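Listed below, chain by chain, are the residues.
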Amino acid sequence: MKDVRNMKEDSTVRTNEKAILSTNQGRVKNVNNNFLDLTGYCENQLIDKSVQEVFRNLLRVNVDISVIKPEDKPVTCFLFTRSLEPIEVDISIETGSQEEIIVIDEKPGTKLFEKIHDTDRMFSDNKMGICIISVPDLLLLKANDFFVEMLNEPFNIKEKAIGQTVEDILSDVLRETFFGEKLEDIINTKQSFYGERYSKIMNKGNKYYHNTMIIPFMEDDEVKYLVAVFIEVTEFVKERERSREQKRIAEQQKEQFETIIENMSDALIITDKNHNILLMNAAARANYPNPDIFGNMDDWFKMIKVTDQEGNPIVIENMPAHRAARGERVRSFRTDIMGPHGLAHVEYSSAPLYDKDGNLSMIINCSRNMTEEVRNANLITEHQEQLLKAEREK
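Residues numbered from 1 in each chain as written. Predicted model: local features only at pLDDT ≥ 70, side-chain atom pairs only at ≥ 80, totals over all residues. Heavy atoms only, no water.

## Looking at the sheet that holds strand E17 (residues 360–369)
For step 1, the next point in the chain: Strand order in the open sheet made by the six strands is E13-E12-E17-E16-E15-E14, with antiparallel pairing throughout. Strands with a single pairing partner mark the edges of an open sheet, and in this sheet they are strand E13 (277–280) and strand E14 (305–307). Across the sheet, the axes of successive neighbouring strands diverge by a mean angle of 30 degrees, strand direction being ignored.
For step 2, the next point in the chain: By the bridge criterion, nine bridges tie strand E16 (residues 342–354) to E17 in an arrangement that is antiparallel. When the bridges of E17 are listed, Pro-352 appears paired with Ile-363. (Pairing = 2+ DSSP bridges. Helix = DSSP H or I, 4+ residues; strand = E, 2+ residues; numbered from the N terminus. Axes fitted to C-alpha atoms, helices over the stretch in contact; angles between N-to-C directions.)

Spelled out as structure tokens, the structure:
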């Protein structure tokens, strides 16, 4: 193997693309600019530090760097930058005559903001607890202050919690929420989970109540991340316990949540009462070409031709979203849509949401692409007709 000290010229491409850290006798001796750019640390925070301290304490890598050998294949894991941003990387080792080179290759397209839209906005909202967990190792990759404050000491600060396995840092109640609800089933079935009962959490002597949602995010048809959301409903529950009217409102809100959760695997668009788009999930954005160019559902309707299954045109006022704006709940409304992607068979469901004063506040729109299902059904019908025709001609 080449002496890495003499590899400067023929390793220029590699060095320019990857983060490099050289060590001697277990201590960091040099780092390249790519390493500093990747991690956000300065040289004086790294030089002469032990390799174990850098990778375990600063970068929060969940593999033992000391067991990686030069002949081993690169090890894939997460490291965390100085600002606690998770990055998925491949780590490999090269050796020279008197030093060891640790090579860190960032896996392209693995930053969370590239995988999960609007992460900055999601995590700036401290009205609910939210966290992102890696699969299958269940590392806490990102969390907002609300969620971290729900953890027991000493993990109730981000610097202690980020990069740890969730099983190690959760309180007994939160651990039951994650693992008592068959987390493995959520990963295997790839279906979202909505906790139908409230979680009671004690924090600094005070009692809080939360609803829980756990949503899987996919990569190559496998669950790559879990997004867990904890919505505080403490005041709501207290009122519910004191009033039968609050019980009625609780059931209404439960139904509203179920409308959303039941369709989480499908495209979801939330609008205000004037059909201005407030939120589009990843499935919805994937279905609409250039979704950023229109901010109102009516704009999209102008770009397509909509008919019923018999080919009769459907005017915009009869679409589920507009019917929901008039107070109607519409389920399983099937349409044929001719748009930029060609013909698609789409099933819509829409429902109105009201504020506490009974005024229309938002409209929930879920859609499912039924094109493949319709195509298969037509093939089966065609095949049956051919068999019947052949039988008659005998």
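## Observations regarding the sheet that holds strand E2 (residues 27–31)
For step 1, the next point in the chain: If you walk across this open sheet you meet the five strands as E2-E1-E5-E4-E3, and the pairing is antiparallel. Taken across any chain shown, the strands that pair with only one partner, and hence form the sheet edges, are E2 and strand E3 (75–80). If you compare each strand with its neighbour and ignore which way they point, the axes differ by 35 degrees on average.
For step 2, the next point in the chain: Relative to strand E5 (residues 100–106), strand E1 (residues 19–24) runs antiparallel, the two being bridged by five bridges. Each residue of the ladder has a partner; that of Thr-23, found in E5, is Glu-100.

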